[in-house]
Amino acid sequence: MFPEIEPYECGMLDVGDGNLVYWEESGNPGGKPVVGLHGGPGTGCSPAMRRRFDPRVYRVILFDQRGCGRSVPHAAEWSTDLSVNTTAHLVADVERLRVARGVERWMVFGASWGSTLGLRYAQLFPHRVSEVVLVAVTTGRWAELSWLYHGLGVFFPEEHARFRAGAGGGAVDLVAAYDGLLNDPDPVVRERAATDWTEWEASIVSLRPGHRRGARWADPVWRMGFARLAAHFFAHRVWLPDGRVLADVGRLRGIPAVLVHGRWDLQGPVGTAWELARAWPGAELVVVPGASHAASDPGMAEAVVAATGRFASRS
């Protein structure tokens, strides 16, 4: 990736409903605008996201989605109202950020959950999107979510047994069960659920031997916010009719895109990216051999930088 870089400007955007969203800009202030949408939901943006874009060319605009990172109030606080944190709210926040930063059109970059959010934003505001780059593609279908928290257990039986046990053992819908536990009045119950949820997530992100989870996985505040937001969004099936993102792919006509996906991404199998590319004539699918879901897997960084570089000179 490109060398580490610090933001030249940052701030808090009032998006309504009592929420302030952290944003930052780095790279070239007069360059090609790109908005970066992080995964999760609830991981928050990271310094590594800035390094995926040529800082001489791109004006890189990142933000922490509602309830996570440096945005307030944080989902780790039990008193935080998550009823005003939905896909529709986040799409509206992206558009508010565009207006606030004085951007006419921008490239949309999204990873994992951020790809679902980016696709929905582009479908609703196609005239504001110049290009799209998606990594570890997801579309929010129930089949994808069910696989992630139920079906994938066939590859990680020991880890999934612990995950099931944390939900109460007899739960049919593990996501709904955890959503309840993460909103329990008892902080001990919430803490245990957050630990069990994030342990499952950490165990499936990479197939690479020796893969090390980042320091944030040990942070109880980050764990709680991430688990609570992910369970909240997925228990509500991201507030979209099942298959809506793929069904509305026609709205993206004329927008060029590159989809980067690991061949061995078990967390989100490559079939979803393939379906999207097949339905979207302007999209090119790049499958990275040997890579899974982790951005640090061999070949992923090179493929992502190549994808963003593809549009660097496009006006």
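Each remark here, short or long, concerns the structure printed above.
Residues numbered from 1 in each chain as written. Predicted model: local features only at pLDDT ≥ 70, side-chain atom pairs only at ≥ 80, totals over all residues. Heavy atoms only, no water.

Asks: Just to check I follow, could you spell out the packing of aromatic side chains for this structure?
Replies: Inspection of the entire model under this criterion finds 16 aromatic pairs. Here Tyr 149 and Phe 234 contribute two aromatic rings whose centre-to-centre distance is 6.0 Å and whose plane-to-plane angle is 45°, an arrangement assigned as tilted. On the criterion of sequence distance, the pair formed by Tyr 149 in helix H4 (residues 142-149) and Phe 234 in helix H8 (residues 220-235) is long-range, its members being 85 residues apart. You can call Tyr 149 buried: its relative accessible area is 0%. Taken together, the ring pairs connect Tyr 149, Phe 156, Phe 163, Tyr 178, Trp 197, Trp 200 and Phe 234 into an aromatic cluster. The residue whose ring lies beneath Arg 237 is Trp 142, and the NZ or CZ to ring-centre distance is 3.9 Å. (Phe/Tyr/Trp six-rings, centres within 6.5 Å; stacked < 30°, edge-to-face > 60°. Helix = DSSP H or I, 4+ residues; strand = E, 2+ residues; numbered from the N terminus. Buried < 20%, exposed > 50% of the residue type's maximum accessible area, 1.4 Å probe, protein only. Lys NZ or Arg CZ within 6 Å of the ring centre and 35° of its normal.)

Asks: I keep staring at helix H6 (residues 174-181) and nothing clicks. Help me out?
Replies: For the α-helix, the turn length of 3.6 residues means that residues three or four positions removed from each other point alike. Residues of H6 that are buried include every one of Leu 174, Val 175, Ala 177, Tyr 178 and Asp 179, and no others. On its buried face, H6 sits against H4, helix H5 (157-166), helix H7 (187-204) and H8. (Contact = heavy atoms within 4.5 Å.)

Asks: Honestly, the packing of helix H2 (residues 87-100) against helix H3 (residues 113-124) in this entry has me stumped. Any pointers?
Replies: Think of two packed helices as two axes; the pair is described by the angle between the axes and how far apart they sit. Two elements in contact, H2 and H3, have axes separated by 10 Å at closest approach and are oriented at 70°. One finds that H2 runs roughly perpendicular with respect to H3. Along this stretch, H2 crosses H3, giving a crossing that reads as right-handed. The residues of H3 that touch H2, namely those facing Thr 87, Leu 90, Val 91, Val 94, Glu 95 and Arg 98, are Trp 113, Leu 117, Arg 120, Tyr 121 and Leu 124. Looking at side-chain class alone, the contact of H2 with H3 contains 7 nonpolar, 1 polar and 3 charged residues. (Axes fitted to C-alpha atoms, helices over the stretch in contact; angles between N-to-C directions. Parallel < 35°, antiparallel > 145°, perpendicular 65-115°, else oblique. Left-handed = near helix turned anticlockwise from the far one by under 90°. Nonpolar A, V, L, I, M, F, W, Y, C, P; charged D, E, K, R; others polar.)

Asks: I would appreciate a short explanation of empty space enclosed by the protein in the present structure.
Replies: Empty pockets left among the atoms are what a rolling probe the size of a water molecule brings to light. Taken as a whole and assessed by the stated rule, the structure comprises 2 cavities of 30 Å³ or more. Within this model, the largest cavity holds a volume of roughly 40 Å³. Residue classes in the lining of the largest cavity are distributed as 4 nonpolar, 3 polar and 3 charged. The space that makes up the second largest cavity amounts to roughly 30 Å³. The wall of the second largest cavity is formed by Asn 19, Arg 66, Gly 67, Thr 80, Asp 81, Leu 82, Val 84 and Asn 85. Partitioned by chemical class, the residues of the lining of the second largest cavity number 2 nonpolar, 4 polar and 2 charged. (1 Å grid on protein atoms, 1.4 Å probe; cavity = no way out; pocket = protein on both sides within 12 Å on 5 of 7 lines; lining within 4 Å. Points joined across faces, edges and corners; volume = space filled by probe spheres on them.)

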